[in-house]
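Structure assessment
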Amino acid sequence: MAIESDVVVVGGGLAGATAALSAARGGAHVHLISANESTLRQASGLIDALGYPVADADRGAEGGGAGADAAAGPLADPFAGVDDLPADHPYRLVGADALRKGLGLFDDAVGDLYRGGHTDRNALVATTSGRAKPTARYPRSMAPGLVSDERSTLLVGFEAATDFDAPLAAERLSAAGVPFDVDGVTVAFPGEYRADAAVTRLAHALERDEDAGGDRTTRQRLADRVRPHLDDDERVGFPAILGDSHVEEVRADLSERLGVEVFEVPTGPPSLPGIRLSDRLFEALDDAGVSMTTGTPVVDFETEEDGAGDDRIDRVFIDRNGARIPYAAEQFVLATGGLVGKGLGSDRERATEAVFGCHVPQPDDRMEWSEGGAFADHAFARFGVRIDGRGRPLDADRAPEFGNLTAAGGVVGGADVAREKSASGVSLATGLVAGRTAAEEV
Amino acid sequence: MDLRPGADSCYKCTSCDTSCPVAEVDDSFPGPKFQGPEQWRLKRKEDTEIDDSITGCSNCMRCDGACPSDVPLSQMHNTARGEYVDNQMTKLSREYLRNRILANYGTLAGIGSKVPRLTNAIMGNSLVQKLNERVLGITAERDFPEFADQTFRSWWKQRGGPNVESDEKRIAYFHGDYANYNTVEVAKALVRVYEAFGYEILVPDQRCSGTPMFANGMLDDARRSAAVNVESLGDAIEQGYDVVASCTSCSMALRQEYPELFDFEGTETVAANTYDALEYLLINENVIDPLSEVDAADHDIPDFAYHAPCHSRNQGLDRQAVELFRHLDGVDVADVGDSCSGISGTYGWKEEKYEYSMEIGEEMFEHMEHAAGETGMTECPTCSMQMEHGTGYEIDHPLQVLEAALVDTDVEI
Ligand SMILES: Cc1cc2nc3c(=O)[nH]c(=O)nc-3n(C[C@H](O)[C@H](O)[C@H](O)COP(=O)(O)OP(=O)(O)OC[C@H]3O[C@@H](n4cnc5c(N)ncnc54)[C@H](O)[C@@H]3O)c2cc1C
Ligand code: SF4
Ligand code: SF4
């Protein structure tokens, strides 16, 4: 026997979640299997579609100045950049329409938590390092902080949460020529916490508005500490730790106390916006009737021959502390991520796809994998399986590897997501297609 | 055991810290990243003592599941705690005595359950509870779990053992102490459900799984228990039985902690052939179709507020009950969220941890109150205590719900 469903999705990051939702909407019963908690819990929460046109990638990644014109800096419209991408880029393979629909699926799933769906154009969001980052969707809590907005700004960092140096970020933003005045200040987080307190602990204190001593609550104290620095500032940005799940409540309260609008600045991991997004997508999956198993890697699979002499995947096996548990399905989706997500492995010889051993095109000589320089065109950044227009991974002869496998997200090659700023968009576009194809065939 | 390679694969992402329920409420607790990889790196320099904050860890093992880099966090905590208790804790201290008593619940229960009514009366006495708190540091806020009039093993013996014989479908039931002495109805539900599906059941010799012993650093006690269990369950496996447990901390111990901490012959075989009771049924039987034919209203099955125990989450089993009972008509099974219940076995029984335990549990209590109905459901006996303590609800085990829906009803299995 085995645990049975119509579609098994392997991998619980953004690509896996999107593929699962897409297949469930196509009417399939889906089982999502993930080796670890969602990687979204680490992610900034920004959903990038295409930030830099490939030809300008080097300049873009270094400079990234706000308000720069489209040719030199970030892309104003990610859809407009698709045709300039290399022919084997996933966007070219599945089409700009898949990106649009993938973003649509995302908007639908996250609802009021996100902004940006009203336009095709990229927004510029200020980051903790003082850059302006082009992105397609951003959490609602970050909306008042957009760089295109001309209101004067105060950035507030905390002594405890050290990865946001607010004065430095303000200085960099000014230097990049943002169209508003911006200052930064560092204050002590109200209440007594250990120096290495987890950011979730601080977020929790803000959400519950805990007692911060002297008959004042955390938020009251925080507002007291920020107020003297306010001058004529019209908005205030904090690192994104304003509450666990009730960020809007915390933001509204602080805005009222300070008399100006308060927003969040996306931080590095661990990231509250990432955690909120992951929770919201989990709810959407649950509502769609998707079954989920987390904490258990897929370690093996079995095939059977279909009538026509092609291999089909019959079942995959998860490892649960040494026990091998079979999951059978009609269709399978591979969404295990790239080198970081462990979907791709590499030894000294070759890069390989870790679960099904799908073909990963690569130069024969390892020396050709990368060219010098951090932002140079690393061949390995584009590593991954190659898919056709329906999301089927292809073998060396460009025929589908298996009759019933599709692939999505970081495991798919052809995109340099770090340079292009396209990581989430690639997951959404390919996830949508991979899930749709799977559902069509059950 | 050399855990340093594990410590080296930590890239300080702090996922573990953000997932730790204790660090979230106890500001004196430095969190799993310190307890695990950092402490192990420090230990490279000789003579470094284990930091006594290790006793603050409740052994919920959530950090394990959160680490993207597979750092063996709970193994590090268990090992460090064992070393701490062995080398740095005074064996005459009140804390040691109290922890030893809590960790060896089964031994006490064995004595108490010989005269269940008397024991229940004494332990339920508020004076005794106050005394326990003052002398031993066991909180007086909680009511001691009542002993059943008859233990499961005695019931099983009286019944004459299995009612079903089978050469193919055979399970060895690891009931653990709690289902034997206290929640006997859970153990009986397992027997009835599995027999309805045609399984021959063996109830092998067994001791406590060791979970409360690991959590209190009593590794010698745990080793003695584990030796008995591995041998007895190993024999059963040889005879064609798969091991099935109804408590998710028991299955966790057999599957993960034993291989991480001990190397008796057969430890790995036991781990690879042990399953949670619901998990095993879902892999091997079609439970969904018969369940879909049942209308809950015909069997007085209420709506449930379901809490997934941390140790089931760790095995990737946190969704199975909610997803299964979607197929049972007329019942709403609401998942009360992914927070820890806060009791973590013996943690919430300690006088100095009681408040933290309730603070951790608050999110779960709130969600339970928002969910439809006034009955809870969980696989873990101590989570069940906490759920009841915080809300006053009655709490069932998923096996009891399956029993009500499928056993002695007119459903074809
Ligand atoms: C720290 C961080 C910051 C980010 N910031 C941004 C950002 O600012 N903007 C943006 O657009 N995107 C960002 N992303 C990227 C985005 O969140 C996704 O990681 C990306 O879209 C790739 O998604 P994926 O699902 O393909 O892969 P991953 O996110 O890598 O997920 C892969 C999943 O597969 C699972 N898996 C792997 N092997 C197995 C197996 N054998 N069996 C079962 N499961 C397996 C893993 O556990 C994991 O859950 C960020 C990601 C991270 C980690
Ligand atoms: S086992 Fe639980 S309490 Fe202990 S450090 Fe890990 S997450 Fe925290
Ligand atoms: S989650 Fe793992 S890698 Fe991250 S800090 Fe904790 S131990 Fe290190």
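Refer to the preceding data block for the structure.
An account of the accompanying structure is given in this report.

What counts, and where the lines are drawn
- Residues numbered from 1 in each chain as written.
- Chains lettered and ligands numbered in written order.
- Predicted model: local features only at pLDDT ≥ 70, side-chain atom pairs only at ≥ 80, totals over all residues.
- Heavy atoms only, no water.
- Buried < 20%, exposed > 50% of the residue type's maximum accessible area, 1.4 Å probe, protein only.
- Helix = DSSP H or I, 4+ residues; strand = E, 2+ residues; numbered from the N terminus.
- Pairing = 2+ DSSP bridges.
- Axes fitted to C-alpha atoms, helices over the stretch in contact; angles between N-to-C directions.
- Contact = heavy atoms within 4.5 Å.
- Near = heavy atom within 4 Å.
- Nonpolar A, V, L, I, M, F, W, Y, C, P; charged D, E, K, R; others polar.
- Core = buried A, V, L, I, M, F, W, Y, C linked by side-chain atoms within 4.5 Å.
- Salt bridge = Lys/Arg side-chain N within 4 Å of Asp/Glu carboxyl O.
- Buried area = accessible area lost by both parts, 1.4 Å probe.
- Polar contact = N/O pair within 3.5 Å; in protein donor to acceptor, adjacent residues only side chain to side chain.
- Expected span 1.5 Å × (residues − 1).
- Lys, Arg positive; Asp, Glu negative; His and termini not counted.

1. Points about the pairing of strand β1 (residues 170-174) of chain B
Residue and element names in this part refer to chain B. Within β1, 5 of the 5 residues are buried, leaving the element largely enclosed by the surrounding structure. Where β1 meets strand β2 (residues 200-202), 3 bridges bridge the pair, whose relative direction is parallel. By the bridge assignment for β2, Arg170 is matched with Glu200. Pairing of β1 with strand β3 (residues 242-245), which is carried by 4 bridges, proceeds in the parallel orientation.

2. Digging into the sheet that holds strand β8 (residues 394-396) of chain B
Residue and element names in this part refer to chain B. Ordered in space as β6-β5-β7-β8, the 4 strands form an open sheet in which the pairing is parallel. Single-partner strands in this sheet number two, and they are β6 (333-335) and β8. On average, each strand axis in the sheet is tilted by 30° relative to the strand beside it, whichever way the strands run. The pairing of strand β5 (residues 304-306) with strand β7 (residues 375-377) spans 2 bridges and is classified as parallel. The residue bridging Ala305 from the neighbouring strand is Gly376, located in β7. Strand contacts of helix α23 (residues 381-391): β5, β7 and β8, with the helix running at about 155° to β8, the strand carrying the most contacts. Contacts from helix α24 (residues 398-406) reach β5, β7 and β8 within the one sheet, and its direction differs from that of β8 by about 80°.

3. Quick look at the site of ligand 3
Residues and elements named next belong to chain B. Looking at ligand 3, there are 14 residues lining it, with Cys10, Cys13, Thr14, Cys16 and Cys67 nearest. Counting residues per element, the ones that place at least two in the shell around ligand 3 are α2 (15-19) and α4 (32-42). For the shell around ligand 3, the per-class residue count stands at 9 nonpolar, 3 polar and 2 charged.

4. Structural notes on the nonpolar core
Residue and element names in this part refer to chain B. By size, the foremost hydrophobic cluster in this structure holds 128 residues, and its most contacted members are Tyr194, Phe325, Leu328 and Leu402. Beyond its immediate stretch of four places on either side in the chain, Tyr194 contacts Ile171, Tyr199, Ile201, Val244, Ala277, Tyr280 and Leu281. In terms of nonpolar packing, the next biggest core, distinct from the first, is built from 29 residues, Ala80, Val230, Val243 and Val270 among them.

5. Thoughts on the pattern of salt bridges
Residues and elements named next belong to chain A. This structure, assessed with the given rule, holds 51 salt bridges over all chains. Asp112 serves as the salt-bridge partner of Arg115, at 3.2 Å between the closest nitrogen and oxygen. Judged by relative accessible area, which is 45%, Asp112 ranks as partly exposed. Arg216 serves as the salt-bridge partner of Asp224, at 2.8 Å between the closest nitrogen and oxygen. We classify Asp224 as partly exposed; its relative accessible area is 27%. On the basis of relative accessible area, Arg216 is assigned to the partly exposed category, the value being 31%. Each of the salt bridges in this network shares a partner with another, and the network as a whole consists of Asp112, Arg115, Arg140, Glu248 and Arg251.

6. Re the interface of chain B and chain A
Each partner contributes to the interface: chain B provides 38 residues, whereas chain A provides 35 residues. Both sides of the chain B and chain A interface together cover about 2800 Å² of buried area, and 42% of this is carbon and sulfur. Looking only at chain B, the three residues that lose the most surface to chain A are Glu24, Asp27 and Ile283 of chain B, adding up to 20% of its buried area. Remark: the boundary between chain B and chain A carries 6 salt bridges. Counting every contact that joins chain B to chain A gives 17 residue pairs in polar contact (both at pLDDT 80 or more). In terms of residue count, the dominant contributor to the side of chain B that touches chain A is helix α18 (residues 277-284) of chain B (4 residues). For the side of chain B that touches chain A, a count of residues per class yields 13 nonpolar, 11 polar and 14 charged.

7. Quick word on the pairing of strand β6 (residues 132-135) of chain A
Here β6 of chain A shows two buried faces, one formed by Ala132 and Pro134 of chain A and the other by Lys133 and Thr135 of chain A. Connecting strand β5 (residues 123-126) of chain A to the antiparallel partner β6 of chain A that follows it, the hairpin turn spans 5 residues, and Gly130 of chain A within it adopts a positive phi of roughly 80°.

8. Overview of helix α5 (residues 96-110) of chain A
Side chains of residues three or four places apart in an α-helix project in the same direction, reflecting 3.6 residues per turn. Residues and elements named next belong to chain A. End to end, α5 covers 21 Å across 15 residues, agreeing with the expected 21 Å (1.5 Å per residue, within 8%). Buried-residue contacts for α5 involve α1 (14-25), α3 (78-81), α4 (90-94), β4 (114-115), α10 (272-287) and α12 (423-440). Two residues or fewer after α5 comes Gly111, characterised by a positive phi angle close to 55°.

9. Quick look at the sheet that holds strand β4 (residues 274-276) of chain B
Residues and elements named next belong to chain B. The sheet built from 4 strands is open, its strands ordered β2-β1-β3-β4 with parallel pairing. Pairing within the sheet leaves two strands with one partner each, and these edge strands are β2 and β4. Neighbour-to-neighbour, the strand axes of the sheet open up by a mean angle of 35°, direction not taken into account. Sitting on the sheet, helix α16 (residues 248-261) is in contact with β1, β3 and β4, with an inclination near 155° to β4.

10. Some points on the side chain of Glu379 of chain B
Residues and elements named next belong to chain B. Along the polypeptide, Glu379 turns up in the loop between β7 and α23. An unpaired buried charge is present at Glu379: no salt bridge exists, and Arg313, the closest side chain of opposite charge, is 9.3 Å distant. Here Tyr306 takes part through its side chain, which lies 2.6 Å from a polar atom of the side chain of Glu379. The contacts of Glu379, once residues within four sequence positions are left out, are Ser246, Cys247, Thr248, Leu278, Tyr306, His307, Pro309, Gln320, Ala321, His397 and Pro398.

11. Quick notes on the site of ligand 2
As a matter of local geometry, ligand 2 sits amid Cys20, Pro21, Val22, Phe29, Pro32, Cys57, Ser58, Asn59, Cys60, Met61, Cys63 and His77 of chain B. A breakdown of the residues in the shell around ligand 2 according to their chemical character gives 9 nonpolar, 3 polar and no charged.

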